[in-house]
Amino acid sequence: METKDVLRQRRSVKDFDPDRRVTDEQWTELFELTTLAPSAWNFQHYQLILVQGPEAKKRLRQAAMGQEKVEQASGTVVVCGDLHAYKRARRVAEEFADKGFYGPDGQEKVEKQADMMRDAYANNPEKARDEAMRAASLAAMSLMVAAEDMGLATCPMSGFSPDQVREAVHLPDHLFPVMLIAVGYKGNFNLSRCARLPLEEVVHIDGYGKAFSPQS
Ligand SMILES: Cc1cc2nc3c(=O)[nH]c(=O)nc-3n(C[C@H](O)[C@H](O)[C@H](O)COP(=O)(O)O)c2cc1C
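These numbers come from a predicted model, not from an experiment.

1. Description of the pairing of strand β2 (residues 75-82)
Walk down a regular strand and you will see the side chains alternate between the two sheet faces. The buried fraction of β2 amounts to eight of the eight residues, a majority that puts the element mostly inside the structure. Residue alternation in β2 divides its side chains into two sets, G75, V77, V79 and G81 and T76, V78, C80 and D82, and both sets are buried. As defined by bridge partners, strand β1 (residues 46-51) adjoins β2 across six bridges and the pair is classed as antiparallel. In the sheet register, Q47 faces β2, and the bridge partner there is C80. Sheet analysis places β2 next to strand β4 (residues 175-184), joined by eight bridges and oriented antiparallel. Each residue of the ladder has a partner; that of G81, found in β4, is F176.

Right, here's the structure in full:
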């Protein structure tokens, strides 16, 4: 499908067909496409937890304000921000050197570059959290776009208790839930799409306050 059509067609589906499952092959393709999302220094500051077992679904539904779609959908992906992504700095720097990003004497720069990348987050928890939010959100949108193209339905959710989600899916301290995404096949219930703000209320030219208005 054309990307423009995917974006126009994607909806937050409230009602899933409980009898249709997403296969392992589909999950694999979906996660491969999701992890192509960009992230700062390619650190991939996120982890994905696929909740599809009946007991785990029950626990997650309770943590998600009882939202029925968590049990109805084939699976729900808990998109988590990773505050320890900086621990991959050495691995990232080595690959950057191998791929020639640091120039011909790149191997000599690995140590220094890895330290620099590590320091950017290790001593700055606020930045680590912001970056994790960005990376996880980009991965989440990629997942929804890829799912739509694959004929699957999704619903992003922030209606959950972070502490309860942490407990439900056993998150260690360095991970935090950013978004839940129910994935499966659409049920019968359709909701009209709500309008988006007109571009003049969202887009500004050269600084906040001068509205985008190509006609004038
Ligand atoms: C971060 C985020 C959190 C959301 N949380 C919920 C939620 O907890 N439950 C729900 O039914 N829909 C949730 N939604 C879906 C929105 O209501 C929906 O995206 C919005 O109304 C626009 O509709 P559309 O996605 O079908 O165009 C959420 C969407 C986003 C992006």
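2. Quick notes on the packing of helix α2 (residues 24-34) against helix α7 (residues 125-149)
Close contact between α2 and α7 brings their axes to 8 Å; oriented N to C, the two are set at 135°. Classified by the angle their axes make, α2 and α7 are oblique. By crossing handedness, the relation of α2 to α7 is classed as right-handed. On α7, the residues that touch L30, F31, L33 and T34 of α2 are A139, S142, L143, A146 and A147.

3. Remarks on the sheet that holds β2
Across a sheet, paired strands are connected by hydrogen bonds in the backbone, their directions being either parallel or antiparallel. Taken in spatial order, the four strands line up as β1-β2-β4-β3 in an open sheet, and their pairing is antiparallel. Edge positions in the sheet fall to β1 and β3 (153-157), since each has one partner strand and no second. Neighbour-to-neighbour, the strand axes of the sheet open up by a mean angle of 25°, direction not taken into account. Along the sheet, α2 contacts β1, β2 and β4; its crossing angle with β1, the most-contacted strand, is approximately 160°. Its contacts with the sheet put helix α3 (residues 54-63) on β1, β2 and β4, and the angle it makes with β1 is roughly 115°.

4. Overview of the layout of surface pockets
Over the atoms rolls a probe the size of a water molecule, and in doing so it shows where empty space is left. Looking at the largest pocket, its volume works out to about 200 Å³. N42, F43, Q44, Y46, Q47, R88, R91, V92, E95, F96, K99 and F101 are the residues that line the largest pocket. Elements with a minimum of two residues in the lining of the largest pocket: β1 and α5 (89-98). Considering every element that reaches the lining of the largest pocket, the biggest residue donor is α5, with four residues.

5. Side note on the pattern of salt bridges
Following the criterion strictly, the structure yields nine salt bridges and no others. In this structure, the salt-bridge partner of E55 is K58, at a minimum N-O distance of 3.9 Å. Of this pair, E55 and K58 both sit in helix α3, three residues apart, which is roughly one turn of that helix. For E55, a relative accessible area of 51% gives the class exposed. Residues E94 and R90 are paired through a salt bridge, measuring 2.9 Å at the closest nitrogen-oxygen approach. Placement of both E94 and R90 in helix α5 is noted, with a separation of four residues, approximately one turn of the helix. Since its relative accessible area comes to 33%, E94 is described here as partly exposed.

6. Observations concerning the environment of R59
Tracing the sequence through the fold places R59 in helix α3. Those residues in contact with R59, other than ones at most four positions away along the chain, are A168 and H170.

7. Notes on the state of the cysteines
Evaluation of the coordinates by the stated rule reveals zero disulfides. Free cysteine: C80, not disulfide-bonded; nearest cysteine sulfur from C155 at 17 Å. Cysteine C194 shares no disulfide, and the gap to the nearest cysteine sulfur, in C155, comes to 13 Å. Under the relative-accessibility criterion, C194 is labelled exposed at 59%.

8. As for unusual backbone geometry
One non-glycine residue, Q44, lies in the positive phi region at around 50°. With respect to the helices and strands, the residue Q44 is situated in the loop between α2 and β1. Judged by relative accessible area, which is 27%, Q44 ranks as partly exposed. Even without glycine at this site, M65 takes up a positive phi of about 55°. By the element assignment, M65 lies in the loop between α3 and α4 (69-72).

Criteria and thresholds
- Starting from 1, residues in each chain are numbered consecutively following that chain's sequence as written.
- The predicted origin of the model limits local features to residues at a pLDDT of at least 70 and limits the giving and counting of side-chain atom pairs to 80 or more, whereas totals for whole chains, interfaces and linings rest on all residues.
- Derived side-chain values reflect all non-hydrogen atoms in the structure, with water molecules and hydrogen atoms excluded from consideration.
- Each residue is placed in one exposure class: buried if its accessible area under a 1.4 Å probe, protein chains only, is under 20% of its type's maximum, exposed if it is over 50%, and partly exposed if it falls in between.
- In DSSP terms, a helix is any run of H or I states spanning at least four residues, a strand is any run of E spanning at least two, and both are numbered starting from the N terminus.
- At least two DSSP bridges between two strands are needed for those strands to be called paired.
- Inter-axis angles, ranging from 0 to 180 degrees, are taken between N-to-C directions of lines fitted to C-alpha atoms, where helices are fitted over the stretch in contact.
- Should an angle lie under 35 degrees it is considered roughly parallel, over 145 roughly antiparallel, and from 65 to 115 roughly perpendicular; all remaining angles are considered oblique.
- In this scheme the handedness of a crossing depends on how the near helix is turned from the far one: anticlockwise by less than a right angle means left-handed, clockwise means right-handed.
- By the convention used here, residues are in contact when the closest approach between their heavy atoms is within 4.5 Å.
- Definitions used for this entry: grid spacing 1 Å over protein atoms alone; cavity, a set of points where a 1.4 Å probe fits but cannot get out; pocket, an open set with protein on both sides within 12 Å along at least 5 of 7 lines; lining residue, one with an atom within 4 Å of a point.
- Grid points are joined across faces, edges and corners, and a volume is the space filled by probe spheres set on the points.
- Criterion for a salt bridge: a side-chain nitrogen of Lys or Arg within 4 Å of a carboxyl oxygen of Asp or Glu.
- Here, the term disulfide refers to a pair of cysteine sulfur atoms separated by no more than 2.5 Å.

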